[in-house]
Amino acid sequence: MLRAAAKNFPSVAVVVDPEDYGWVADKLADGGLTTEDRRGLAAKAFRHVSEYDSAVTGYLSTPREQEQLPDRLTISLDKVSGLRYGENPHQSGALYAPVGVAPNGIAGATQLHGRELSYNNLMDADAAWRTVSDFAEPTVAVVKHNNPCGLATREVIAEAYELAYEGDTVSAFGGIVAINRTVDAKTAQAMDAIFYEVVIAPGYDDDALAILQRKRNLRILTVGSEPSGKALDLRPISGGMLVQGADDIEENPTEWKTVTEREPSATERQDLAFAWKAAKHIKSNAIVFAKDRALVGMGAGQPNRVVSVHLSQRIAGDRAKGAVLASDAFFPFPDNIELAAEAGITAIAQPGGSVRDEEVIAAADKAGLAMVFTGVRHFRH
C-alpha cells in the first residue's frame, strides 16, 4: 500500500515518518501540500519500503547465501549522528549504522566524557579497538593515524599500558588508547601525564573514571562486545564499490613452517605470534619489531618493504637487539633480512611465496636467524 501510494504522489500524500506529522498537518490546515512536498514524502516512503525489503531478504536468506557475495548487494544505513566535518574541515561528515540493528563496535560506543567525537577520532578509535579485540590476553594499543604505534600484552593492564606507550613515546602524543579490559586507577594515573584524544575500554573503575575525567576534553568511550557473524569490508572506488570478506582467518602458530636451519626458541615463538598479529593491523607494507610481547618498532604504509624495516630499526634503536620481526607479506629480496640482522633481530615471521625465497632463507641462515613461513598474507591498504 505504501508503494502504491507513493507511486501516485501527484495526487496522494503518503506519510511514513512520525517526525513529519506536525508539518504535514500544518500544511493541510493551511491550504494543502505542494507537488514537491508530496514528491519528498514519496521518496521517503520508497526508502522506508526498500529498507524493510532488505531486512526481510537478510532474514530469509540461507546461511549459504549469506556467506557468499551476492549478485546484488543492498545496503541501508541510518544516520547515527552528524559530525562537525569529515577528514578535513572542507568535507562534510556523518556516522551511519545498518538499519534495524542496534549499533555495535565503535559505532555503538557510549561516550562518558569529553568533547564531541570527530571523523578522524572515530577512524582511529575503530583501528585501536579492532587491534586490541584481536587479542584474547589483556592488551593495550596506542594508535596514531590508523596505525598502532604502541602495543603490548601483559596480565597487569597498567604494565601493558606502560609498554605500549614506550613503543613510540613521540607518536603517542595526541593518539588513541584502546584497552580490552576494565581500566583501573593505576592505569588511568599512568595515562594522566600524556595528552590523548580518546580512551576506549569495555569499562572503568570509579576511581579510574574520576582520574580520566580531570581532563576536560578527553573523550572517554565504553564499547560492548563485537558483533557476531562475518562483516563485509566495503571500499568505495570511483564509479563503484569494492567488497570483500573480513580479514579474520583463524591461524595456529604451531602450524607455521620453519624454513631455516635454526628453529625459533619458545620465547621467540611467543613473540613471533604477537608480532604477526600486530602486523595484521598496520598499513602495508607493514613491518613489526617486537620483544617480550610488546611492539618496539614498526614501519607502515611504505611503497617498499626495506624502508619499513629502516623505520622500525630507527624507532626501536637498541631495543631491536634480541627482538623478532613480522612482515605482512613476503620479502622479495634478501636485503630486508640483512638489514634486520644488523639491527639485532633474531627471528622472523613472514608468509613466504617469493620467487626468491631460497635467497632470503640463505641470508637468514648466514645471519643465524630463525625464520618461519606462515602461509598467510595480511595486506592492509
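Residues numbered from 1 in each chain as written. Predicted model: local features only at pLDDT ≥ 70, side-chain atom pairs only at ≥ 80, totals over all residues. Heavy atoms only, no water.

The name given to the chain in an unreviewed UniProt entry is Bifunctional purine biosynthesis protein PurH, and the organism recorded there is Geodia barretti.

## With respect to the overall build of the chain
A count of helical and extended segments in the chain gives 12 helices and 16 strands. Projected onto the principal axes, the alpha-carbon positions of the chain cover approximately 85 × 50 × 35 Å. Across the 381 residues in the chain, those meeting the buried criterion constitute 42%. Relative to all contacts within the chain whose residues are 6 or more apart in sequence, the contacts with residues 24 or more apart total 51%. With 39 positive and 51 negative side-chain charges, the chain shows a spacing of 4 Å between the two charge centroids. (Helix = DSSP H or I, 4+ residues; strand = E, 2+ residues; numbered from the N terminus. Buried < 20%, exposed > 50% of the residue type's maximum accessible area, 1.4 Å probe, protein only. Contact = heavy atoms within 4.5 Å. Lys, Arg positive; Asp, Glu negative; His and termini not counted. Charge placed at Lys NZ, Arg CZ, Asp CG, Glu CD.)

## Here we look at the packing of aromatic side chains
All chains considered together, the criterion is met by 5 aromatic pairs. On the basis of an interplanar angle of 50 degrees and a centroid distance of 5.3 Å, the ring pair of Phe 173 and Phe 195 is categorised as tilted. In this pair, Phe 173 is assigned in the loop between helix 6 (157-166) and strand 6 (175-179) and Phe 195 in the loop between helix 7 (185-191) and strand 7 (196-201), connecting sequence segments 22 residues apart. On the accessibility criterion, Phe 195 (38% relative accessible area) is partly exposed. Ring geometry for Trp 256 versus Trp 276: centroids 6.2 Å apart, planes at 75 degrees, classification edge-to-face. Taken together, the residues span a long stretch of sequence, with Trp 256 in the loop between strand 10 (240-245) and strand 11 (257-258) and Trp 276 in helix 9 (residues 266-279) at a distance of 20 residues. Given a relative accessible area of 9%, Trp 256 falls into the buried group. (Phe/Tyr/Trp six-rings, centres within 6.5 Å; stacked < 30°, edge-to-face > 60°.)

## Notes on the sheet that holds strand 15 (residues 347-350)
If you walk across this open sheet you meet the 6 strands as 11-16-15-14-12-13, and the pairing is mixed. Of all strands in the sheet, those with a lone pairing partner are strand 11 and strand 13 (295-299), marking the two edges. One ladder, built from 4 bridges, connects strand 15 with strand 16 (residues 370-373); its direction is parallel. Within strand 16, the residue paired with Ala 349 across the bridge is Val 372. (Pairing = 2+ DSSP bridges.)

## Observations concerning helix 6
Buried residues of helix 6: Ile 157, Ala 158, Ala 160, Tyr 161, Ala 164 and Tyr 165, and no others. Angular distribution of buried residues about the axis of helix 6 spans 160 degrees; they occupy a single face of the element. Of the surrounding elements, those touching the buried residues of helix 6 are strand 4 (139-144), strand 5 (147-153), strand 6, helix 7 and strand 7. (Arc of directions from axis to C-beta.)

## Considering empty space enclosed by the protein
A probe as big as a water molecule, rolled over the atoms, marks out the empty space that is left. Here the structure, examined in full by the defined rule, presents 1 cavity of 30 Å³ or more. Quantified by volume, the largest cavity comes out at close to 40 Å³. Met 191, Asp 192, Tyr 196, Val 199, Leu 212, Lys 215 and Leu 218 together form the lining of the largest cavity. Of the residues that constitute the lining of the largest cavity, the class distribution is 5 nonpolar, no polar and 2 charged. (1 Å grid on protein atoms, 1.4 Å probe; cavity = no way out; pocket = protein on both sides within 12 Å on 5 of 7 lines; lining within 4 Å. Points joined across faces, edges and corners; volume = space filled by probe spheres on them. Nonpolar A, V, L, I, M, F, W, Y, C, P; charged D, E, K, R; others polar.)

## Focus: the environment of Tyr 161
Looking at the secondary structure, you find Tyr 161 in helix 6. A distance of 2.7 Å separates the side chain of Tyr 161 from the side chain of Tyr 196, its partner in a polar contact. (Polar contact = N/O pair within 3.5 Å; in protein donor to acceptor, adjacent residues only side chain to side chain.)

## Quick notes on the pattern of salt bridges
Scanning all chains against the criterion turns up 13 salt bridges. Where Arg 130 meets Asp 126, a salt bridge forms, and the shortest distance between an N and an O atom there is 2.7 Å. Separated by 4 residues within a single helix, Arg 130 and Asp 126 lie in helix 5 (residues 119-133), roughly one turn from each other. In this structure, Arg 214 and Asp 192 form a salt bridge, with 3.2 Å as the shortest nitrogen-oxygen distance. Pair noted here: Arg 214 is in the loop between helix 8 (206-212) and strand 8 (219-222) and Asp 192 is in the loop between helix 7 and strand 7, with a separation of 22 residues, a long-range link. A single network of salt bridges, built from pairs that share partners, joins Asp 17, Asp 20 and Lys 44. (Salt bridge = Lys/Arg side-chain N within 4 Å of Asp/Glu carboxyl O.)

## Side note on the environment of Ile 361
When you line up the elements, Ile 361 lands in helix 12 (residues 357-367). The sequence separation of Ile 361 and Val 259 amounts to 102 residues, and the corresponding C-alpha distance is 6.9 Å. The residues touching Ile 361, leaving out its near neighbours within four places in the chain, are Val 259, Thr 260, Met 371 and Phe 373.

## A short note on the nonpolar core
In globular proteins that are soluble, nonpolar side chains generally tend to be buried together. Ranked by size, the top nonpolar core spans 41 residues in total, and within it Ile 200 and Val 288 carry the most contacts. Core analysis: the next-biggest nonpolar cluster, separate from the first, contains 27 residues, Tyr 161, Ala 172, Ile 179 and Val 183 among them. (Core = buried A, V, L, I, M, F, W, Y, C linked by side-chain atoms within 4.5 Å.)

## Quick notes on the layout of surface pockets
Within this model, the second largest pocket holds a volume of roughly 300 Å³. Residue lining of the second largest pocket: 16 residues in total, with Asn 120, Asn 121, Asp 124, His 145 and Asn 146 positioned closest to the centre. Looking at the lining of the second largest pocket, the elements with two or more residues in it are helix 5, strand 4 and strand 6. Here the lining of the second largest pocket takes 5 residues from helix 5, the largest share from any one element. In the lining of the second largest pocket, the residues fall into 4 nonpolar, 7 polar and 5 charged.

## A short note on a nonpolar patch on the surface
Among the surface-exposed residues, Leu 69, Leu 73, Ile 75, Leu 77, Tyr 96, Leu 232, Leu 234 and Met 241 lie close enough to one another that they form a single nonpolar patch of about 700 Å² accessible area. Locating Tyr 96 in the fold gives a position in strand 2 (residues 94-98). For Tyr 96, a relative accessible area of 43% puts it in the partly exposed group. (Patch = residues over 30% accessible without salt bridge, like charges linked within 9 Å, V, L, I, M, F, W, Y side chains within 5 Å. Areas by Shrake-Rupley, 256 points an atom, 1.4 Å probe, with all protein chains shown as cover.)

## Notes on unusual backbone geometry
In this structure, the amide linkage connecting Ser 284 to the following residue, Asn 285, adopts the cis form with an omega of -5 degrees. Within the chain, Asn 146 stands out as a residue other than glycine whose phi angle is a positive 75 degrees. For Asn 146, the location among the structural elements is in the loop between strand 4 and strand 5. For Asn 146, a relative accessible area of 11% gives the class buried. A positive phi angle, close to 55 degrees, is found at Asp 292, a residue other than glycine. Along the chain, Asp 292 turns up in the loop between strand 12 (287-290) and strand 13. Since its relative accessible area comes to 44%, Asp 292 is described here as partly exposed.

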